[in-house]
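Secondary and tertiary structure notes
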Amino acid sequence: MTVLCCAVFVSAETVRIKDITQVEGVRGNQLVGYGLVVGLSGTGDSRSSLFTNQSLSNMLSKLGITVDSQQVRSKNVAAVIVTAELPPFVSEGERIDVTVSSLGDAKSLQGGVLLLTPLKGVDGKVYAVAQGPLSVGGFAAGGGGNQVQQNHPTVGKIPNGAIVERSVSTSFVNSLKGTFSLLLQNPDFVTATRIARVINQELGGRRARVIDANRVEVSIPESFSDRVPQLLAMIGELPVEPDVPARVVVNERTGTVVIGGNVRILPVALAHGNLTVSIQTQYEVSQPPPFSGGETQVVPQQEVQAAQEEGRLFRVESGNTIDDLINSLNALGVTPRDLVAILQALKKAGALQGELIVE
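First things first, this report covers the structure right here in the doc. Everything numeric here is computed off the predicted structure, so don't read it as measured data. (Residues numbered from 1 in each chain as written. Predicted model: local features only at pLDDT ≥ 70, side-chain atom pairs only at ≥ 80, totals over all residues. Heavy atoms only, no water.)

**Quick notes on unusual backbone geometry**
It is generally the case that most residues other than glycine have a negative phi and that most peptide bonds are trans. Phi at F89 is positive, roughly 65 degrees, even though this residue is not glycine. Summarising the element assignment, F89 is placed in the loop between β5 (78-86) and β6 (95-102). What makes F89 partly exposed here is its relative accessible area of 49%. Positive phi is not limited to glycine here, since N160 has a value of about 55 degrees. Structurally, the position occupied by N160 is in strand β11 (residues 155-164). (Helix = DSSP H or I, 4+ residues; strand = E, 2+ residues; numbered from the N terminus. Buried < 20%, exposed > 50% of the residue type's maximum accessible area, 1.4 Å probe, protein only.)

**Some remarks on the pattern of salt bridges**
Tallied over the entire structure, the rule returns 8 salt bridges. Salt-bridge contacts for K18 lead to E237; the nearest nitrogen and oxygen are separated by 3.0 Å. Here K18, found in helix α1 (residues 17-20), pairs with E237, found in the loop between α4 (228-236) and β15 (239-240); they are 219 residues apart in sequence, far enough to count as distant. Here R215 and E24 are joined by a salt bridge, their closest N and O atoms 2.5 Å apart. Placement of the pair is R215 in strand β14 (residues 215-219) and E24 in the loop between β3 (21-23) and β4 (29-38), with a sequence separation of 191 residues. Three or more residues joined by partner-sharing salt bridges are found here, namely R16, K18, D19 and E237. (Salt bridge = Lys/Arg side-chain N within 4 Å of Asp/Glu carboxyl O.)

**Remarks on α4**
V228, L231, L232, I235 and G236 are the residues of α4 that are buried. Angular distribution of buried residues about the axis of α4 spans 130 degrees; they occupy a single face of the element. Against the buried residues of α4 lie β2 (15-16), α1, β3, β12 (179-184), α3 (189-203) and β14. (Arc of directions from axis to C-beta. Contact = heavy atoms within 4.5 Å.)

**A short note on the sheet that holds β12**
Strand order in the open sheet formed by 4 strands is β3-β12-β14-β13, with antiparallel pairing between adjacent strands. Unpaired on one side and paired on the other, β3 and β13 (208-212) mark the two borders of the sheet. Taking each pair of neighbouring strands and ignoring which way they run, the sheet shows an average axis angle of 30 degrees. Here 5 bridges tie β12 to β14, and the two strands are oriented antiparallel to one another. (Pairing = 2+ DSSP bridges. Axes fitted to C-alpha atoms, helices over the stretch in contact; angles between N-to-C directions.)

**A word on the environment of A130**
Within the secondary structure, A130 sits in strand β8 (residues 126-133). On a C-alpha basis, the gap between A130 and L116 in space is 5.6 Å, while along the polypeptide they are 14 residues apart. Residues within four places of A130 in sequence aside, it is in contact with V82, V98, L114, L115, L116, T117, L119, G161 and A162.

**Notes on the side chain of T191**
Structurally, T191 is set in helix α3. Overall, the relative accessible area of 5% leaves T191 in the buried class.

**Describing the sheet that holds β6**
Around the barrel, 6 strands lie side by side as β4-β5-β6-β11-β8-β7; this closed barrel has antiparallel pairing. When the angles between neighbouring strand axes are averaged without regard to direction, this sheet yields 30 degrees. Where β4 lies against strand β7 (residues 113-120), 3 bridges are found, and the strand directions are antiparallel. What sits directly across from V38, in β7, is V113. Here helix α2 (residues 50-62) sits on the sheet in contact with β4, β5 and β7, set at roughly 80 degrees to β4.

**Examining α3**
Between the first and last C-alpha of α3 there are 21 Å, a value that for 15 residues agrees with the 21 Å anticipated at 1.5 Å per step. Turning to α3, its buried residues number three or more, namely T191, A192, I195, A196, V198, I199 and N200. Among the residues of α3, the N-terminal cap falls to D188, whose side-chain oxygen and the backbone nitrogen of V190 are separated by 3.0 Å. At the exit of α3 stands G204, carrying a positive phi of roughly 85 degrees. (Expected span 1.5 Å × (residues − 1). Polar contact = N/O pair within 3.5 Å; in protein donor to acceptor, adjacent residues only side chain to side chain.)

**Quick look at the nonpolar core**
Within the largest apolar cluster, 24 residues are counted, with the highest numbers of intra-cluster contacts made by V100, L114 and L119. For this core, the secondary-structure elements that each account for two or more residues are β4, β5, β6, β7, β8 and β11. Ranked by residue count, the leading element in this core is β5, at 5 residues. Setting aside residues no more than four positions away along its own chain, V100 makes contact with V37, V80, I81, V82, L109, L114, L134, T154, V155, G156 and I158. (Core = buried A, V, L, I, M, F, W, Y, C linked by side-chain atoms within 4.5 Å.)

**Considerations on the pairing of β14**
Bridge analysis of β13 against β14 gives 4 bridges, and the strand direction is antiparallel. Following the sheet pairing, A208 is matched in β14 by V218.

**Regarding the pairing of β5**
In the sheet, β4 pairs with β5 via 9 bridges, with the strands oriented antiparallel. Within β5, the residue paired with Y34 across the bridge is I81. Note that β5 and β6 share 4 bridges and pair antiparallel. Following the sheet pairing, V80 is matched in β6 by S102.

**Things to note about the side chain of T179**
One can find T179 in strand β12. On the basis of relative accessibility, which here comes to 4%, the residue T179 falls in the buried class. If near-sequence neighbours (up to four positions away) are discounted, T179 is found in contact with F172, V173, N174, E217, V218, S219 and I220.

Below is the structure:
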C-alpha cells in the first residue's frame, strides 16, 4: 500500500544568507582523464575492448617493452574514465578526490590500482594527476550461470587520489566598480529584496541593490576594501527569511505530495468516488463419464464484480489552506492516486492558487 507523504513548508523560518546564495565567480571546475586500472582478478576488459588492448600496448612501449596490441590477452586490466572537480581557491600540491568509471566491459574494478592519469580541463590543460588504489563499494561474484552482485562494482573512488598541478585563479570582486554579487540558488524577487534589506541594515546606507531575481550586487565599504573575505563571512552569517513559492509537487510513482506553505484554495465543492472492477478466474476440472472415451479438461470459470464507492461531497471554505484540504481528504480515506487526481481537478477549476508540478 502506498503511503501518502505530505510536507508543508512555512516561510516564517530564517536561514543564513550563505545557505541560499553563492558568490559570483566562486566555483569549481570539472576535470576528466583516460587511464588504466591494473591488478584486477580476471574481472577486467575482454579482448573485444580494442581501446584497452591498444592503451596497454602504448603504456608498455613507454616503459621500453614492445608488445603487439593484437596479441594482448590480459584480463586484469580495465580502461576507465577518471573525473574530478577542482574546487575554488585550491593550490598546487593539494589533493582532491577522484571517481573512476569503467569504460569497457569489465565486470568489477574491485582490488584495482589506477595508473598515473593526467586530468584535463575544458581548455585541454592538465590541472591534476591521479593515481592509487580504488575503493569500490560493491562486488560481483558467480559461476555456473549463477551470479551475485551488490551495489555497483564498476565505479570506484580514490579519496585524495589526485594531486593538483595547476591552480585556477578565482576572481569574485569587480575591481572597476568595487562590488561583488550574490547569486540566489532559487531565484526570487522577494527573497532578493529581503537579502538586500538585511545587508543594508548591517552595513548602513544603500550598499546592496537588487539587480534581478537571481542577483544582489553589494558595494564594498572603504573599511573592508582590503578585507573582502571578512566582509563575505559577515554577510554570509546574516539571517534572512526566504520567500516560499506557492507550489505543489506531486510524484505519482511514490504517492508523495510536497506543498508550499503559501498555497491557498478558493471556495469549492468537491466530490470523488471510486469504481472498482474485480475479475476472478477459477479453474475447474471436467471429468468425462467412465468408459466414454472422453478427455479430462480444465475449464476456466470467470466471475466479474463491480463496486462503486459512494461519492462524498463537501465544501471547502474560503481562506482554507491546502493543508486543511489534505487533512480532510485523509480523514475520508482518499488514496494518494486519488489525491493526485483531485489536485489536478482543483487546478483546472481555478481553485488551487499555486503552481502544480506533477512528476
